[in-house]
Amino acid sequence: MPDPHLDLNPAVSDEVRKTTCYMCACRCGINVHMKGGKVAYIEGNRDHPINKGVLCAKGSAGIMQHNSPARLRAPLRRVGPRGSGKFEEISWNEALQTAVDWLKPLRAEAPEKLAFFTGRDQSQSFTGWWAQQFGTPNFAAHGGFCSVNMAAAGIYTMGGAFWEFGTPDWDHAKLFILFGVAEDHDSNPIKMGIGRLKARGAKVIGVNPVRSGYNAVADEWVGITPGTDGLLILSLIHCLMKAGQIDLDYLTRYTDAPLLLDGDPKSDTHGLLLRDAEGRAQVIDRATGKPAAADTPGVAPDPGAHWRHAGVTHVTVLHRMAETYLIPDYAPEAVSERCGVSPAQIRALAAQIARAAFDEPVVIDQPWTDWRGERHQRMVGRGVAFHAMRGISAHSNGFQTCRALHMLQILIGAVESPGGMRFKPPYPKPATAHPRPHARSNPGQPLPGPHLGYPQGPEDLALSDDGTPLRIDKAFTWENPLSAHGLMHMVISNAAAADPYKIDTLFLYMANMAWNSSMNTRGVMEMLTRTDDSGDYVIPRIIYSDAYSSEMVAYADLILPDTTYLERHDCISLLDRPVSEPDAAADAIRWPVVTPDRDVRGFQSVLLDLGARLGLPGMTEPDGTPTYSDYADYMTRHERRPGVGPLAGWRGAHGDQHGRGDPNPDQIDRYIANGGFCAQHVPPEARYFKPWNAAYQDWAVQIGLMDKATPYRFTLYAEPLRRFQRAAEGHGPHQPPDHLRDQIKTRLTPLPTWYDTADQTNCADYPIHALTQRPMAMYHSWGGQNAWLRQIHGCNPMYLPTALIRAHDLKDGDWVCVTSPHGAITVPVAEMAALNPHTIWTWNAIGKRGGAWALDKNAPEATKGFLLNHVIHELLPPRGDGLRWSNSDPVTGQAAWFDLRVRIEKTAAPADPIPPQASPVPPAPKVLRWQVKD
């Protein structure tokens, strides 16, 4: 018989639609294969600048998120008590009219009574603009709960930070050191980058209490004690400075190291930079030995100089750094026990950094011209690249720890030089180039400027004339002056307590506050349902938008159902969090590759509709008609300033301009034809030394990243912090409350410092550190909808180091009671040897509440999975001073959920976890199957 004909290459689709993934924050390019109008298969886009075709398990599983049985079907109005999950379906017109009826009186009388906070969306420039036009000061996204310490410390120090703002020089780094990086953020680019490093023989070192993911493939692991990264980093700085292994030329040219500090205690600017009458910072000129303005042509600053004048000695920033960090307190022997790292390992790490930086410089034969007009024939850099994330950020000392890491990078000349860390456009951008926060609302008027920003001193705080906070989350107050991302985790507790004032409506988008986007989860659920003496809810109205039946849905009064990411327009903009790489300014879109089969609408389009109905400026024409028909129309026609809009590509009437240009009605079609993104490449001469490179500055102005060239010096010495210190010392018209003076003096130091987080807890009663991190296969609570990924992480054990397993007579699968000063949970355990001996940890975002996400009532996520959030409080235990101090960083207000200390005790499995909640979507079918083949 003849051999049967086998089709060895069957078509998986009849059409491919290219868009942007939303299964984590990487924003990779994807090819969505369609068959008969349905999604058949998702793969990576090989032409995309982020992932170059690579796609992780989350991205591939997006097909399941799109088809999830947990998807909301229609607008909903609560008909039972809050938390009951009882709703009735209503029309969109009725839903929007309800929202208008609630919000319109607020805007006319007291716009601050609307609190609008968003979760992990990627359109914050748009949602912030909407809130600004409404006039409420109460807007922020999830950064205060996530990693504001990393972003703010980077921007205040060097004008950019890791991850979305900067990345290692994968092509030239010879030593790569990760601090506190888990697997969920920037997943594909880091995996690809580590592969390139290892292929070249570069060394990878991981500093993390937990050896999983990237740390598991590192050549060397430093199993540090949680919360001590800053102390280790300052010890490395001590070793490098003592050995003279710092880049003096780089420090002198590009940083504030040679600038003089005002040393006169009687001066109004004591401890700030010494300036002349025109406000120009002063240096000591090597040629004359006398002070001169730092920007004077031909001046050669002496970074180690001092100036004695009128009986007062003024020293340079570098001199002050030497005084601060060369003391014995930072020697490896002094910090070793606290960090859990031996003196020998600390010294070896410092030696590896010095060797890679100075013995083997990275040289690129590319001429360039600096900001002073000096021509350089080559680009010379240091082959040491660092990367860090929330592992070092989510501590009460996180801001200063992140600043210390940036200082270490700068000291060896490893930022924006070949082999080090590189900025991604629109960064670099110093803190002084960002807006300052605005919070003074006026009835019926837009807020006078953006909500979020970078204060430069006490005068920029969001305080009323009587000193009370203007924002419901108390951002930009003396408690946390530099809270550049707001404090989303404090909104519900403050609103429930009517502190600093009572709000009327809480409007949330994709912020699962009733579960894994809050600390003190049980307490938050109680606050959302709390009533006053008259039986009314203390938070009168809650509007929530999400695509899925999450835990938060049951606590809302009005639900505005969102689409899935394959059914919507989205704008990943250079005005916000773009998909740029160091060699290209890049932005991207999502577009409806599939039409929704439910009565749902994209949230951004809903906001525009709601804004038009409310008559908000910029969203309503003089005749009352909507300015924009939907979000796609906004993406195309909106301009923040002339010629600059949400999308930078294919602007102008003919689509032949990039960066700047008039709106182009065909712009989105051009993006779709190009694979969903636009990349504008940085000229070769401009690719390094961006803050000081004349070619880069000119290019950035040309494409609209900035309106004028803004070269600047890196700030090792942060004057804004010193201004707050001076206020705490009693100087100036703006004074902090007396109970915060010591905190401001000791925590807001202008040079990075380290302070122990252990003073937040009675360590004798709670001797164990407890952490969470997200797994590579999941990013957010929505990952539980993906059946493929649930097989990898269906439940989350608490991982214990071997010594604790033995000490408590435990084995895998046993249960322990984990107790913190706030509460207790009972969890299953598993042994892990590659773990700091004083630390236990678990995966985050796995545990679910029964009834949510259309999961079966016996789903392991609800019966065995758990959240560590239940035993973390937004407030610290009472100290006996009559105050409840925030469990956060005193500089930025970032939630300090990695400061958690616990004790453990062997116990039996729990009888009943948190009771399940009702859901407005029906239970999931036993089998979910859809036909896409011929």
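Residues numbered from 1 in each chain as written. Predicted model: local features only at pLDDT ≥ 70, side-chain atom pairs only at ≥ 80, totals over all residues. Heavy atoms only, no water.

A.B. asks: Kindly report on the sheet that holds strand β2 (residues 29-35), identifying the contributing residues and their values.
C.D. replies: The strand order β1-β2-β3 describes an open sheet built from 3 strands, whose pairing is antiparallel. Unpaired on one side and paired on the other, β1 (15-20) and β3 (38-44) mark the two borders of the sheet. Each strand of the sheet is rotated relative to its neighbour by a mean of 30 degrees, with strand direction disregarded. (Pairing = 2+ DSSP bridges. Helix = DSSP H or I, 4+ residues; strand = E, 2+ residues; numbered from the N terminus. Axes fitted to C-alpha atoms, helices over the stretch in contact; angles between N-to-C directions.)

A.B. asks: How would you explain the environment of L405 if you had to name every residue and give the values?
C.D. replies: Among the structural elements, L405 can be located in helix α14 (residues 398-411). Considered as a pair, L405 and L232 are 173 residues apart in the sequence and their alpha carbons are 9.7 Å apart. When residues no more than four places from it in sequence are discounted, the contact partners of L405 are F162, F179, I233, F386, A388 and I392. (Contact = heavy atoms within 4.5 Å.)

A.B. asks: Please provide a residue-by-residue account of the packing of helix α8 (residues 229-242) against helix α10 (residues 317-325), values included.
C.D. replies: Taken N-terminus to C-terminus, the directions of α8 and α10 make an angle of 115 degrees; their axes are 10 Å apart at the nearest point. What the angle tells us is that α8 and α10 run roughly perpendicular. By crossing handedness, the relation of α8 to α10 is classed as left-handed. Between α8, through L234, I237, H238 and M241, and α10, the contact on the second element is made entirely by L318, M321, A322 and Y325. Partitioning the contact of α8 with α10 into residue classes produces 7 nonpolar, 1 polar and no charged. (Parallel < 35°, antiparallel > 145°, perpendicular 65-115°, else oblique. Left-handed = near helix turned anticlockwise from the far one by under 90°. Nonpolar A, V, L, I, M, F, W, Y, C, P; charged D, E, K, R; others polar.)

A.B. asks: Which residues make up the sheet that holds strand β24 (residues 558-559), and what values go with them?
C.D. replies: Read from one edge of the open sheet, 7 strands run β5-β4-β24-β23-β22-β6-β7, paired in mixed fashion. The sheet is open, and its two borders are formed by β5 (87-89) and β7 (139-140), each paired with just one other strand. Note: strand β23 (residues 541-545) against β24, 2 bridges, orientation parallel. When the sheet's bridge partners are listed, Y544 is paired in β24 with I559.

A.B. asks: Explain the nonpolar core residue by residue, including any values.
C.D. replies: W130, L506, F507, M552 and L610 are the most contacted members of the largest nonpolar core, which totals 130 residues. The greatest single-element share of this core, amounting to 8 residues, is contributed by helix α3 (residues 92-109). With residues up to four places along the chain from it excluded, the contact list for L506 reads A115, V491, I492, I539, R541, I542 and I543. Core analysis: the second largest hydrophobic core is formed by 104 residues, M241, L259, I353 and V891 among them. (Core = buried A, V, L, I, M, F, W, Y, C linked by side-chain atoms within 4.5 Å. Buried < 20%, exposed > 50% of the residue type's maximum accessible area, 1.4 Å probe, protein only.)

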